[in-house]
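# Geometric and topological summary
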Amino acid sequence: MKRREILIGVGALTAVGGGGTYGTLHRMGSMTDYDAAMATTRAALSARPGMLEFIRMATLAPSGHNTQPWRFRIGKDHIEIVPDLSRITPVVDPDNHHLYVALGCAAENIVLAAGAGGYRGTVGFSAANDSVVTVSLEDGTAGDMALADAIPKRQSTRTEFDGQQVSNADLQALSDAAGIPGVDVVLITDRLRKDKVCELVIEGNTTQMTDPAFMRELKHWLRFNPREALETGDGLFSVLSGNPILPTWAGPGLFDCFVSAQSENEIYASQLRSSSGIAVFVSEASGPEHWIQVGRSCERFALQATALGLKHAFVNQPVEVAALRPALADLVGLGGRRPDILMRFGHAAERPFSARRSPQAVILP
Ligand SMILES: Cc1cc2nc3c(=O)[nH]c(=O)nc-3n(C[C@H](O)[C@H](O)[C@H](O)COP(=O)(O)O)c2cc1C
């Protein structure tokens, strides 16, 4: 069934849902209100950033399913990033790999925002609790403003890109920006290996979408209309993946009816074909300290892409389905290691931004 037909079906459903069509539309909120809220969330980095602004920038980091698995504690000369274990996703991320990658992305945003404020940030772990990430801040010189300014403008863009190549100069800039000790970044731009990655994404997606536990967990984080996305401030807003706005009560059922492994596989194939390249991030070893470094590296890559006017989107199925990791590692010439993150990149138009919980909601006393 095509999207237009789904929309017609939704029209009928809203009437059945009680309160009539107007009442239901009202309860779903509008994209105008949603975009206005995002403009506030994504306000430019302040000219004189302090601790609160560093944390606001951290909250704009990416996280798997947009769970935002973090809380922050402000110290005299440091910020702690405390994993929020109420926001784990044990099916897709059984060893908290993605959780620590997300904390690494948030830590890098603090380092960059602090750099803009004239501080040097150093990422480590708390001596008192080795699951808590710390960013220590000391006086320094101004850091990389282009990456810092890109933080509020970065978005995962889950659409087809325009198929244009990225220039060699831009590819070099992306590689340079992603350079973080202990992480290798391999850029795949040739047709043969892009097609091979596409096969792995499709195989991984089929495995995941035919797994009831994966689908249950995914649906828990789906948001079907602007009001729901704004009220929770988290999760995957289905409109950002090109789906229609749906009433909260109807969303999960319609999702089951109209979204299948096959329909998603077709979308992934055309999205990957339209991308200029795919970046594969591989750490030298496994464990939270290495996954934090991966997060820092992929966030810097994504921010450099944003600064260059490029778009990116994660396509992590081949690293989430453990059985596919060896084939991906072999493909990038790093056999024996565990690939951590896959990101496609290229040129595309901007989409609406994804929501965030406010800094106040994630600061610990
Ligand atoms: C560790 C990690 C894994 C992710 N995996 C995927 C993925 O497999 N597919 C996808 O579409 N997005 C993935 N994302 C992107 C998140 O869904 C995205 O960051 C989140 O929805 C917030 O949106 P934003 O990046 O536009 O701010 C991942 C992000 C992180 C940090």
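Residues numbered from 1 in each chain as written. Predicted model: local features only at pLDDT ≥ 70, side-chain atom pairs only at ≥ 80, totals over all residues. Heavy atoms only, no water.

An unreviewed UniProt entry lists the protein under the name Tat pathway signal protein, from Lichenifustis flavocetrariae.

### Here's the deal with the sheet that holds strand S10 (residues 339-346)
Sheet strands line up and pair through hydrogen bonds in the backbone, either parallel or antiparallel. Read from one edge of the open sheet, four strands run S5-S8-S10-S9, paired in antiparallel fashion. The sheet is open, and its two edges are formed by strand S5 (183-188) and strand S9 (311-314), each paired on a single side. If you compare each strand with its neighbour and ignore which way they point, the axes differ by 25 degrees on average. As paired elements, S5 and strand S8 (residues 277-283) share six bridges and run antiparallel to each other. Each residue of the ladder has a partner; that of Val-183, found in S8, is Ser-283. (Pairing = 2+ DSSP bridges. Helix = DSSP H or I, 4+ residues; strand = E, 2+ residues; numbered from the N terminus. Axes fitted to C-alpha atoms, helices over the stretch in contact; angles between N-to-C directions.)

### Some points on the confidence of the model for the protein
Looking at the protein as a whole, the pLDDT averages 93, with 93% of positions reaching at least 70. In this model, residues 1-18 is a region of pLDDT below 50 whose contacts with residues beyond four sequence positions or in other chains number 25 contacts. (pLDDT = per-residue confidence, 0-100. Contact = heavy atoms within 4.5 Å.)

### Points about the nonpolar core
With 54 residues, the main nonpolar core has Trp-70, Phe-72, Ile-81, Phe-281 and Phe-301 as its most contacted residues. A per-element tally of this core places helix H5 (residues 97-116) first, with 14 residues. Ignoring any residue separated from it by four or fewer positions in sequence, one finds Phe-72 in contact with Ile-55, Ala-58, Thr-59, Ile-79, Glu-80, Ile-81, Ile-110, Val-362, Ile-363 and Leu-364. Ranked by size, the runner-up nonpolar core spans 21 residues in total, among them Leu-200, Ala-269, Val-321 and Val-332. (Core = buried A, V, L, I, M, F, W, Y, C linked by side-chain atoms within 4.5 Å. Buried < 20%, exposed > 50% of the residue type's maximum accessible area, 1.4 Å probe, protein only.)

### Considering the side chain of Glu-217
Within the secondary structure layout, Glu-217 lies in helix H9 (residues 212-220). Ignoring anything within four residues of it in the chain, the contact list for Glu-217 reads Thr-89, Pro-90, Val-91 and Val-92.

### Topic: the site of the ligand
If you check the shell around the ligand, you find 19 residues, and the closest are Ser-156, Arg-158, Asn-316, Ser-354 and Arg-356. Ser-63 is positioned such that a nitrogen or oxygen atom in its backbone is 3.3 Å from an oxygen atom of the ligand. Residue Ser-156 places a side-chain N or O atom 2.6 Å away from an oxygen atom belonging to the ligand. Notes on the ligand: free accessible area 620 Å², of which the protein chains cover 93%. Each residue belonging to the shell around the ligand can be placed in one class, and the counts come to five nonpolar, nine polar and five charged. (Near = heavy atom within 4 Å. Polar contact = N/O pair within 3.5 Å; in protein donor to acceptor, adjacent residues only side chain to side chain. Areas by Shrake-Rupley, 256 points an atom, 1.4 Å probe, with all protein chains shown as cover. Nonpolar A, V, L, I, M, F, W, Y, C, P; charged D, E, K, R; others polar.)

### Things to note about the packing of aromatic side chains
Taken as a whole and judged by the stated rule, the model has five aromatic pairs. Both rings, one in Phe-54 and one in Tyr-119, keep their centres 6.1 Å apart while their planes meet at 80 degrees; by these two values the pair is edge-to-face. Of the two residues, Phe-54 is situated in helix H4 (residues 51-59) and Tyr-119 in strand S3 (residues 119-125); the sequence distance between them amounts to 65 residues. Here Phe-54 falls in the buried class, since its relative accessible area comes to 1%. Aromatic pair Phe-281 and Phe-301: ring centres 5.6 Å apart, planes at 90 degrees, arrangement edge-to-face. Placement of the pair is Phe-281 in strand S8 and Phe-301 in helix H13 (residues 288-307), with a sequence separation of 20 residues. Here the two residues Phe-281 and Phe-301 agree in accessibility, since each one is buried. (Phe/Tyr/Trp six-rings, centres within 6.5 Å; stacked < 30°, edge-to-face > 60°.)

### Focus: the pairing of strand S1 (residues 70-74)
As judged from the five bridges shared by S1 and strand S2 (residues 78-83), these two strands associate in the antiparallel manner. Looking at S2, one finds that Phe-72 is bridged to Ile-81. Between the end of S1 and the start of S2, which pair antiparallel, lie three residues.

### Considering the packing of helix H7 (residues 168-177) against H13
Where H7 contacts H13, the two axes come as close as 8 Å, and the packing angle between them is 145 degrees. In this structure, the crossing between H7 and H13 has a hand that is right-handed. Between H7 and H13, the contacting residues are Ala-173, Leu-174 and Ala-177 on the first element and Arg-300, Phe-301, Gln-304 and Ala-305 on the second. Classifying every residue of the contact of H7 with H13 by side-chain character gives five nonpolar, one polar and one charged. (Left-handed = near helix turned anticlockwise from the far one by under 90°.)

### Section: the environment of Ala-355
Tracing the sequence through the fold places Ala-355 in the loop between S10 and helix H16 (359-362). As a C-alpha pair, Ala-355 and Val-294 span 61 residues in sequence and 23 Å in three-dimensional space. Not counting the four nearest positions on each side in its chain, Ala-355 is found in contact with Tyr-34, Met-38, Asn-66, Gln-68, Ala-229 and Gly-233.

### Points about the pattern of salt bridges
By the definition in use, this model includes 15 salt bridges. A salt bridge links Asp-190 to Arg-193, with the shortest nitrogen-to-oxygen separation between them at 3.0 Å. Linked through salt bridges whose partners overlap, the residues forming this network are Asp-84, Arg-87, Arg-223 and Asp-234. (Salt bridge = Lys/Arg side-chain N within 4 Å of Asp/Glu carboxyl O.)

### Brief notes about the sheet that holds strand S4 (residues 133-139)
Within the open sheet, the four strands sit side by side as S1-S2-S4-S3. Their pairing is antiparallel. Lying at the two open borders of the sheet, with one neighbouring strand each, are S1 and S3. The average undirected angle you get between the axes of adjacent strands in this sheet is 20 degrees. Pairing between S2 and S4: four bridges, direction antiparallel. Pairing of Glu-80 across the sheet is with Thr-134, part of S4. Contacts from H4 reach S1, S2, S3 and S4, with the element oriented near 170 degrees to S1.

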